Every structure is written in structure tokens, then in C-alpha cells.
Amino acid sequence: MDVFEAMRTQRSVKRFKPDPVSDDDIRKILTAATWAPNGANAQPWEFIVVKDPELKRKIADIYRDGWDFLRDHPRRQGRKAYDSRTGQKTMIKMSYYLRDHLEESPVLIVVAMNITKNNYPRYGVLKAFRAEVNYTSTVPCIQNLMLAARALGIGTCFTTAMNIVEEDAKILLGMPEETQIIALIPLGYPTGEFKPLKRIPAAEFTHWDGWQGD
């Protein structure tokens, strides 16, 4: 599949068929994820693939705790109106569905970073920079993961609500202290079609030769 077509039709999928995803396809997707550019080629990513139904249910319960916290947080009240072109009503409706049915996803992939995977100092301002380098190195691998899945006709969704209650998830999954969860990616065959995305034109966000440029 042409990479531009994959990006143009890579929707966030929140409803999945019960059809299983093969281990070979999962390995292929994760291999493609590791091809992502990353700082100093430190490759700080870690993947936990979850297919066990009971474990998926427990992860879904933790995810819902984080999701509900974000939904109910006082700072979300009185927020400014969304741009009507962003389709917020549909997005929110589908997010509620995923919240209630996450464990029905054929596969859950927890993407984490290993904070020890570079040689930057661990003190002063560089401590924060060290974490930032690992984070910004792991996010491109998630996009690779999602694009590879799309090329195979498999849907994904980038979710971060579980990060709010990360320690609960780390304990459940037996993750070491030096890891940090970046995203939870449900993965499976979508119930609908991959249709072209609707986005605000890039020209509205583009500045040439400085913020005030044409």
C-alpha cells in the first residue's frame, strides 16, 4: 500500500471484529515499529502484547479508571468550544464505546519506554531532557506501528488514558521501575471501512520563515 494512502485512511478504530490477529502479523507490525527514527539510535521502546481475555479485562478496568478521571476532572469544565470541523461529537461517542468495550479488542499492545536507554546524565535539567529524548523517540515507533497495521488492513487507536493510573498497570503487567507507559494500542480488524480522513487544511497551521510569515 502506498504510504500516503495509508496515512490518509488511518482512522482511529474503536470498534473491532472478534476475528483474531495472527502472531505473524503482530510480529510484522512490531518489527516495522522498530524501524522508526529515534534519538542516538537508543531504541528505548518496549512492547507488551496482551491477548489473554482475563488480562485484557483487568487492563480495561484500569483504563476505565484513568478515562473516568480525565472525563470528570474539574479543569475540563468550561473549556472553550471545539472547532466544528474536528468532529468532536462523533469522537466522544466512539471514545465512550471504546471505554466500555476495550477488552473486546482482539489484541492490546502496551507501548512503553525504557528510561535507561541512553547515556544522557540523570541530574539537573538534563534529567528531564533525558526522559524527553526517550519519549520523543518512542512516539514515532507508535506511528510506524499504526501505519504497518493499516497496511495489513488492521485497525488501531492511540490511547493514553491508562497513563493516568500507570502504576496500577505496571504492577499488573510486572513491568520494571525503569519503564514508563507511553500508550495503550487496541488492535484488530475494524467493523467498518477505512475511509479518508477529514482534517483542517495544513495551510491554516503553516508558518513560513517565522510565525508571521505568509
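Quick note: structure is the one above.
Let me sum up the structure you'll find in this document. Remember, predicted model here, so these are calculated numbers, not experimental data.

The subject of this paragraph is a positive patch on the surface. Judged by side-chain charge, Arg11, Lys195, Lys198 and Arg199 come together as a positively charged surface patch. Mapped onto the elements, Arg11 comes out in the loop between helix H1 (3–8) and helix H2 (23–33).

Moving on to the sheet that holds strand E3 (residues 155–156). Spatial ordering of the open sheet is given by E1-E2-E4-E3, a layout of 4 strands whose pairing is antiparallel. Each having just a single partner strand, strand E1 (45–50) and E3 make up the two edges of the open sheet. Across 6 bridges, the pairing between E1 and strand E2 (residues 107–114) is antiparallel. From the neighbouring strand, Trp45 faces E2, where its bridge partner is Met113. Together, E1, E2 and strand E4 (179–188) form the strand contacts of H2, whose direction differs from that of E1 by roughly 165°. Helix-sheet contacts for helix H5 (residues 125–151) involve E1, E2, E3 and E4, and the interaxial angle to E2 is about 155°.

So, on to the pairing of E2. Within E2, 8 of the 8 residues are buried, which leaves the element mostly enclosed by the surrounding structure. Judged by which residues are buried, E2 turns out to be covered on both faces: Val107, Ile109, Val111 and Met113 on one side and Leu108, Val110, Ala112 and Asn114 on the other are all buried. With 8 bridges connecting them, E2 and E4 associate as antiparallel partners. When the sheet's bridge partners are listed, Val111 is paired in E4 with Ala183.

Attention shifts here to the pattern of salt bridges. A full pass over the atoms with the stated rule returns 13 salt bridges. When the shortest N-O distance is used, the salt bridge between Arg64 and Glu103 registers 3.1 Å. With a gap of 39 residues between them, Arg64 in helix H3 (residues 53–72) and Glu103 in the loop between helix H4 (88–101) and E2 connect regions that are remote in the sequence. Note on Arg64: relative accessible area 12%, which makes it buried. With its nearest N and O atoms 2.8 Å apart, the salt bridge here joins Asp72 to Arg71. The class of Arg71 is partly exposed, set by a relative accessible area of 33%.

Turning next to the side chain of Asn38. Inspection of the secondary structure puts Asn38 in the loop between H2 and E1. Residue classification places Asn38 among the buried positions, given a relative accessible area of 17%. A distance of 3.1 Å separates a polar side-chain atom of Asn38 from the backbone oxygen of Ala36. Not counting chain neighbours up to four residues away, the residues in contact with Asn38 comprise Gln43, Pro44, Trp45 and Ser137.

Below, the discussion takes up a negative patch on the surface. There is a patch of like negative charges on the surface, built from Asp65, Glu167, Asp168, Glu177 and Glu178. Within the fold, Glu167 resides in helix H6 (residues 166–173). Relative accessible area serves as the criterion here: at 41%, Glu167 is assigned to the partly exposed category.

Further remarks concern the nonpolar core. Core analysis: the biggest nonpolar cluster contains 23 residues, and Ile109, Ile142, Leu145 and Leu187 have the highest contact counts within it. Among the secondary structure elements, those contributing two or more residues to this core are H2, E2, H5 and E4. Looking at this core element by element, the count peaks at 6 residues for H5. With residues near it in sequence (within four places) discarded, Leu145 still touches Ile29, Leu30, Ala33, Phe47, Ile109, Val111, Thr156, Ile185 and Leu187. Core analysis: the second largest hydrophobic core is formed by 20 residues, Ile62, Tyr63, Leu98 and Val110 among them.

A separate point is the packing of H3 against H6. The description of two helices packed together rests on the angle between their axes and the distance between the axes. Direction vectors running N to C along H3 and H6 enclose 165°, while the axes themselves pass 10 Å from each other. One finds that H3 runs roughly antiparallel with respect to H6. The two elements H3 and H6 cross, and the hand of that crossing is right-handed. Residue-level inspection shows Leu55, Lys58, Ile59 and Ile62 of H3 in contact with H6, the latter providing Asp168, Ala169, Leu172 and Leu173.

Each value, and the rule that gives it
Residues numbered from 1 in each chain as written. Predicted model: local features only at pLDDT ≥ 70, side-chain atom pairs only at ≥ 80, totals over all residues. Heavy atoms only, no water. Patch = residues over 30% accessible without salt bridge, like charges linked within 9 Å, V, L, I, M, F, W, Y side chains within 5 Å. Areas by Shrake-Rupley, 256 points an atom, 1.4 Å probe, with all protein chains shown as cover. Salt bridge = Lys/Arg side-chain N within 4 Å of Asp/Glu carboxyl O. Lys, Arg positive; Asp, Glu negative; His and termini not counted. Charge placed at Lys NZ, Arg CZ, Asp CG, Glu CD. Helix = DSSP H or I, 4+ residues; strand = E, 2+ residues; numbered from the N terminus. Pairing = 2+ DSSP bridges. Contact = heavy atoms within 4.5 Å. Axes fitted to C-alpha atoms, helices over the stretch in contact; angles between N-to-C directions. Buried < 20%, exposed > 50% of the residue type's maximum accessible area, 1.4 Å probe, protein only. Polar contact = N/O pair within 3.5 Å; in protein donor to acceptor, adjacent residues only side chain to side chain. Core = buried A, V, L, I, M, F, W, Y, C linked by side-chain atoms within 4.5 Å. Parallel < 35°, antiparallel > 145°, perpendicular 65-115°, else oblique. Left-handed = near helix turned anticlockwise from the far one by under 90°.

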